[in-house]
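Here is how the chains run, residue by residue.
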Amino acid sequence: AAAGSAMRDASSVQPLRRLLLTLLAQTALAASTYEKSDPVVLYANKVGPFANPNEVYGFFSLPYCRPNELEMKREDLGPLLKGDRPTKTLYDIKFREDVPWKTLCKVTLDQAQAKAFKQAILDDYYFEMMLDELPIWGYVGELKSKSGALATLIPRELDNSTHYFLFTHLDFSIAWNENRIIEVNVSMDPLQRVDLSSGSRKIEFSYSVRWLHTDVPFEERMNRYAQYSFLPQSFEIHWLSIINSFVLVLLLTGFLAIILMRVLKNDFSRYTRANEDLEDDEEETGWKLVHGDVFRLPPCFSIFCAYVGTGAQLFTLVVFILVLAVMNMFYPGNRGAMYTAAIVLYALTAGTAGFVSAHLYCRLSGSESARWAWNLVLSATLFPGPVFLMFCFLNTVAIMYNSQAALPFGTILVIMVIWALVTLPLTIIGGIAGRNMAKGKDFDTPCRTNKIPREIPPVPWYRQGPCQVFMAGFLPFSAIYIELHYIFASVWGHKLYTLYGILFIAFTMLVIVTSFITIALTYFQLAIEDHRWWWRSLFSGGSTGIFVYAYCFFYYFGRSGMFGFLQTSFFFGYMLLASYAAFIMLGTIGFLSSLVFVRRIYRAIKCD
């Protein structure tokens, strides 16, 4: 009640959020209006181990009471990507009509069916149902050791020392207001359960329905889901944690900026005095010495430009998604909306990749280069290629397990059509526009590039590439570490993430810190007369993605209860893709920041 009161108070001071929630609840949910005694369809969506959010199966993969013919509800792209497959059930529920107790069906389990239920109880299976687009969750059963205590930590193999209790009665509590359904809950009656370990095979499934009136308006019925995972205490801790990280990051970047500016000021003064003193025969040292090589084209610069273009596209995609999230477009009732938005926005922002990649490539190599088309092919496949290969592997694993996580062929075809008819043409159009804008323009370097590359002096191991890349990723990762925990708990758990304002702040911190740390490390690299900064800046900026993937191992083994090959492959496979995307995006940010910095400092000095 206190949480509900707090939610209503919060919504009263957020009129824009409430208006958006009202419009979206009425359009996206398409919930029904009912008259008294109208039938209300209850859909069974999925079952699966509670610890494995991606290991989901059809509800009727367990021997529950099933209709003679399964009738599935049509779903959009987003819910299908989430693994939702709602199927009609035999429950006879009518609007505002109580059901004290009613038999659903009577079944006699054979040995295989009883074993299926026992294995589901052992693996802590939960089920998800849907009533008027409102999700309902419950457990299949519970374990109890024969000594009388609840069995929580036991081997994942069936044994004879444990009771396997199957819940056979569901009690539905449904709240209504006017002609709308506002809230629905389900509870299992502990007095009506069957001990499968006793050899019982005849089971009677039953249910009851209670209708309760509520004053909560229909437009606010999703608020309880939006605030489900964040009590006021944890909400305050969340804000305090992110503010603490923000202050620390601000101080560190501030100190770094001050130190770097003082060092650059001394360098400029030293180089200016050296130019004015005609009798000074001392040899130049430091970053000015490599002015003839600092703008030399990097090796494999076609692939390099493609990475930069892909990173620009991913950055644009993330910004758009965060803006939509802050506008509350991804409220909990809008199932799979973020998946749909990510696919559509990735397709629509493909022109960014083509434009940035082709524009940079043509300015580096000349607009008349005949290989700019190959650069566009790289831009269109550097990210979708690994995604497709990983998806084929994981979808095959899901099909082998007969899991609902496997996408239907029609959904796969739709995604491929979107890539072929939207993403690829926009990439080509953006590439043509970038090439045309680069015509007649060179790279505009402040220094002339020597024909022969300068030899790079040896440096200590701690100033070489691997150590520099490691240091570059540590500080940005520390800025998002706290928020990363909440994101993982939402994506790879059952908690709901709705604090997108905090996420936007964390993302802003990440971009700022990545830019500053990459600029600083680029300066230190040039100061030791190492001019190979192009790829190094991209790897330094993107190294945060490596830290994110390393965090996956800590989360999997130390913070989650996930198990099994299906869930393990999904977790590490999709997190590898997410880390790869973060690597490309942050690497692009690091390179572009370093490029601006390098061009600025070399314009400020006189170079022979």
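The protein is annotated in an unreviewed UniProt entry as Transmembrane 9 superfamily member of Chrysotila carterae. Regarding the protein, the UniProt comment filed under Subcellular location (unreviewed entry) reads as follows: "Membrane".

Right, let's talk about the packing of aromatic side chains for a bit. Enumeration over the complete set of coordinates arrives at 51 aromatic pairs. Ring geometry for Phe304 against Phe591: centres 4.8 Å apart, planes inclined by 90°, an arrangement best described as edge-to-face. Pair noted here: Phe304 is in helix H7 (residues 301–326) and Phe591 is in helix H16 (residues 565–603), with a separation of 287 residues, a long-range link. Its relative accessible area of 0% is what places Phe591 among the buried residues. A cation over a ring is seen here: Arg96 above Trp176, with NZ or CZ 4.1 Å from the ring centre.

For the rest of this paragraph, the subject is helix H15 (residues 534–558). Between its first and last C-alpha atoms H15 spans 37 Å; for 25 residues at 1.5 Å apiece the expected length is 36 Å, and the two agree. Along H15, the largest kink reaches about 35° and is centred on Gly542.

By the criterion of burial, strand S6 (residues 125–131) is predominantly enclosed, with 7 of the 7 residues buried. Direction of pairing for strand S2 (residues 42–49) relative to S6: antiparallel, over a ladder of 7 bridges. Across the sheet, residue Leu42 finds its bridge partner in S6, namely Leu131. Bridge analysis of S6 against strand S7 (residues 134–139) gives 6 bridges, and the strand direction is antiparallel. Residue pairing for S7: Met129 is matched across the bridge by Ile136.

Let's shift gears to the sheet that holds S7. One open sheet accounts for 4 strands, arranged S3-S2-S6-S7; its pairing is antiparallel. Looking at the sheet topology across the chains shown, the edges are occupied by strand S3 (87–88) and S7.

Two numbers describe how helix H13 (residues 465–491) lies on H15: the axes approach to 7 Å, and their chain directions differ by 45°. Relative to H15, H13 is oriented oblique. Note that H13 runs across H15; the crossing there is right-handed. In the contact of H13 with H15, the residues fall into 18 nonpolar, 7 polar and 1 charged.

We now examine the sheet that holds strand S5 (residues 99–108). Strand order in the open sheet formed by 4 strands is S5-S13-S10-S11, and the pairing between neighbours is mixed. Of all the strands in the sheet, the pair left with one neighbour each is S5 and strand S11 (180–188). Along the sheet, successive strands turn relative to each other by an average axial angle of 20°, direction set aside. With 8 bridges joining them, strand S10 (residues 169–177) and strand S13 (residues 202–213) adopt parallel strand pairing. Counterpart to His169 in the pairing with S13 is Ser206.

Calculation criteria
- Residues numbered from 1 in each chain as written.
- Predicted model: local features only at pLDDT ≥ 70, side-chain atom pairs only at ≥ 80, totals over all residues.
- Heavy atoms only, no water.
- UniProt positions renumbered as here; feature names shortened; annotations may be inferred.
- Phe/Tyr/Trp six-rings, centres within 6.5 Å; stacked < 30°, edge-to-face > 60°.
- Helix = DSSP H or I, 4+ residues; strand = E, 2+ residues; numbered from the N terminus.
- Buried < 20%, exposed > 50% of the residue type's maximum accessible area, 1.4 Å probe, protein only.
- Lys NZ or Arg CZ within 6 Å of the ring centre and 35° of its normal.
- Expected span 1.5 Å × (residues − 1).
- Bend = angle between axes of the 7 residues up to and from the residue.
- Pairing = 2+ DSSP bridges.
- Axes fitted to C-alpha atoms, helices over the stretch in contact; angles between N-to-C directions.
- Parallel < 35°, antiparallel > 145°, perpendicular 65-115°, else oblique.
- Left-handed = near helix turned anticlockwise from the far one by under 90°.
- Nonpolar A, V, L, I, M, F, W, Y, C, P; charged D, E, K, R; others polar.

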